[in-house]
Amino acid sequence: MMSLLAHLVLLQCACVFAIPLFRFSFRPVADMAQTVSLAELNRRTASPFLYAVNGRSVQQISEVGLNTFDVDLSLGFRETTCPRGRANHLGHCLDMWSPSMVTGSCSSRVRVSRGYALLLSLHCVIDSSSSESSSSSEEEGVLVRVRAPIAAQVPGIVLCRGVGRCNRLLW
């Protein structure tokens, strides 16, 4: 009887602490969220050049359904010297950055599931020290602002909050 009780307690502990036991990495989920955010930034801007990510931090991961996660990201971006027609070759442009190029930051929320990702929100601003902007919205610093319909933004179970805690899930 005592060993049965000990096994039940052990199983209960395993259910409560499932994430550390299974060691599921959220890196592919965060990578997909970053790709979708960067694609939308490049799609919505009027710059003749593509932007590339030069820094990323995961702020929060929430589970909103079976294998469906909302990922909150903070991204740093920098304008590259690659023209818009080279979207498939952005990886080759990373070493062609110039200090005079436009830089900025974005915050985004992306819903990621098996095989698809849906951008829920994206807010990007240009750093005030960057080069001159061409449009009035860029002069105010806001480069892109996107928000999905409120129906798509359901709360979920928070798996991690804060860069330090979320980084442990991105191994």
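Now for a quick tour of the structure. (Residues numbered from 1 in each chain as written. Predicted model: local features only at pLDDT ≥ 70, side-chain atom pairs only at ≥ 80, totals over all residues. Heavy atoms only, no water.)

1. Looking at the pairing of strand 1 (residues 49–65)
- As paired elements, strand 1 and strand 2 (residues 68–83) share 13 bridges and run antiparallel to each other. The residue bridging Ser62 from the neighbouring strand is Asp70, located in strand 2.
- Linkage of strand 1 to strand 2, two consecutive antiparallel strands, is achieved through a turn of 2 residues, within which Asn67 is found at a positive phi near 55°.
- Note: strand 1 against strand 6 (residues 157–161), 4 bridges, orientation antiparallel. Bridging across to strand 6, Glu63 finds its partner in Ile157. (Pairing = 2+ DSSP bridges. Helix = DSSP H or I, 4+ residues; strand = E, 2+ residues; numbered from the N terminus.)

2. Here's the deal with helix 3 (residues 27–44)
- In a regular helix each residue adds 1.5 Å, so 18 residues correspond to 26 Å; helix 3 covers 26 Å between its end C-alpha atoms and thus fits that length.
- The complete set of buried residues in helix 3 reads Val29, Ala30, Ala33, Ser37, Leu38, Glu40, Leu41 and Asn42.
- Buried residues in helix 3 make contact with strand 1, strand 2, strand 3 (103–113), strand 4 (116–126) and strand 5 (142–147). (Expected span 1.5 Å × (residues − 1). Buried < 20%, exposed > 50% of the residue type's maximum accessible area, 1.4 Å probe, protein only. Contact = heavy atoms within 4.5 Å.)

3. Things to note about the state of the cysteines
- Throughout the structure, instances matching the rule amount to 2 disulfides.
- Between the sulfur atoms of Cys106 and its disulfide mate Cys124 the distance is 2.0 Å. Taking the torsion about the S-S bond as the criterion, the Cys106 to Cys124 disulfide, at about 110°, is right-handed. You can see Cys106 sitting in strand 3 and its partner Cys124 sitting in strand 4, a full 18 residues away along the chain. Like Cys106, the residue Cys124 is buried in the burial classification.
- Across a sulfur-sulfur distance of 2.1 Å, Cys160 and Cys166 are joined as a disulfide pair. Disulfide Cys160-Cys166: the torsion about the S-S bond is 105°, which places it as right-handed. (Disulfide = S-S within 2.5 Å.)

4. Considering the nonpolar core
- If you look at the biggest cluster of nonpolar residues, it comprises 30 residues, and the most contacted ones within it are Leu41, Val58, Cys124 and Leu143.
- At the level of secondary structure, the elements contributing two or more residues to this core comprise helix 3, strand 1, strand 2, strand 3, strand 4 and strand 5. (Core = buried A, V, L, I, M, F, W, Y, C linked by side-chain atoms within 4.5 Å.)

5. Structural notes on unusual backbone geometry
- In this structure, Asn67 is a non-glycine residue whose phi angle is positive, near 55°.
- Judged by its relative accessible area of 29%, Asn67 is partly exposed.

6. Observations regarding the environment of Arg44
- Residue placement: Arg44 occurs in helix 3.
- Separated by 100 residues in the primary sequence, Arg44 and Val144 have C-alpha atoms spaced 6.9 Å apart.
- Sequence-distant contacts of Arg44, that is, excluding residues within four places in its chain, are made with Val144 and Val146.
- In this structure the side chain of Arg44 is engaged in a polar contact, spanning 2.4 Å, whose partner is the side chain of Glu40. (Polar contact = N/O pair within 3.5 Å; in protein donor to acceptor, adjacent residues only side chain to side chain.)

7. Here we look at the pairing of strand 3
- With 8 of 11 residues buried, strand 3 lies mostly within the body of the structure.
- Pairing analysis gives 10 bridges linking strand 2 to strand 3, with the strands arranged antiparallel. Bridging across to strand 3, Asp70 finds its partner in Arg111.
- Here 10 bridges tie strand 3 to strand 4, and the two strands are oriented antiparallel to one another. When the bridges of strand 4 are listed, Ser113 appears paired with Tyr116.
- What sits between the antiparallel neighbours strand 3 and strand 4 is a turn of 2 residues, in which Gly115 has the positive phi angle 80°.

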